[in-house]
Structures are given as structure tokens and as C-alpha cells.
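Residue-level listing of the chains:
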Amino acid sequence: MTRVLKSILLLCALIGAIHATTLIMGNRVSGDVLLLSQIRARKASNVIQSEMLEYKGTRNITYIRALDNFINGTGGYATVVSGGLYAKNVTLRLASSAANRGYNFTVELYGK
């Protein structure tokens, strides 16, 4: 019975991960410090919503995560436009997946 329950929970987690559009780059390791933590969201509109998130700092970025807080496939997409891993700056484009949809991301940057 326990094995069946674990299998069901694993399946549910995988289905949730398939529908989420989270961007993860790099690795968090011991010694990394949090450089940025923000929630960025836009409400649904009759056009695709998007924005550029720019970070400029003094430390090298080692980990980028833009967590899609909508896990039902209606959230958005995050892409690196410039900078990124091992640079001191990054520009992320956050966008809704389609018109009449919004997005909600938790963006975290770590570095050394």
C-alpha cells in the first residue's frame, strides 16, 4: 500500500512539473549568497504581457531561478536575454504564454 501511495505522489509531482514553466540555470552551492529575490506578476490582458527584469551587481551569478507560480500550464515563460551565469549582470524577459493570460514568477539570483 505504501509503495502505491508513493507512486501516486511521484506521478502527481511529475505532472505538476510538466505543466510549470520554471527556468533554472546553474547550481546553488555552499557559499552562494542571495543577490535578488522578487515576485513579478502581471494580470491577464487581451495582449501577451511581458517585461524585462535587469540585475546589475558586483558578484558573479551562479544560479538563476524564475519559478512559475502557475502550475496549471497557464503561466508564462522566462528567458535570459543578456548576461547570465558567471556574469555580474543578467536581463530576463518574463512573458505570458498567450493573450488573455498573465504570469506570476518568483525570481531568485544567487552568486559569489
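This is a predicted model, so every value here is computed, not measured.

**Here we look at the confidence of the model for the chain**
- Across the chain, the average pLDDT comes to 86, with 82% of residues at 70 or higher.
- Segment residues 9–19: pLDDT under 50, and 4 contacts once partners within four positions in sequence are set aside and those in other chains are kept.

**Description of unusual backbone geometry**
- A positive phi angle is found at Tyr86, which is not glycine, with a value near 65°.
- Take Tyr86: its relative accessible area is 60%, and that puts it in the exposed class.
- A positive phi angle is found at Asn100, which is not glycine, with a value near 65°.
- Here Asn100 is to be found in the loop between strand 6 (89–96) and strand 7 (103–111).

**Here we look at the sheet that holds strand 3 (residues 50–56)**
- Ordered by their spatial adjacency, 3 strands build an open sheet running 3-6-5, and the pairing between neighbours is antiparallel. Every other strand in the sheet has two partners, leaving strand 3 and strand 5 (76–83) as the edge strands with one partner each. The average angle at which neighbouring strand axes cross in this sheet is 20°, direction not considered.
- Where strand 5 meets strand 6, 7 bridges bridge the pair, whose relative direction is antiparallel. Paired with Ala78 across the two strands is Leu94, which belongs to strand 6.

The rules behind these values
Residues numbered from 1 in each chain as written. Predicted model: local features only at pLDDT ≥ 70, side-chain atom pairs only at ≥ 80, totals over all residues. Heavy atoms only, no water. pLDDT = per-residue confidence, 0-100. Contact = heavy atoms within 4.5 Å. Buried < 20%, exposed > 50% of the residue type's maximum accessible area, 1.4 Å probe, protein only. Helix = DSSP H or I, 4+ residues; strand = E, 2+ residues; numbered from the N terminus. Pairing = 2+ DSSP bridges. Axes fitted to C-alpha atoms, helices over the stretch in contact; angles between N-to-C directions.

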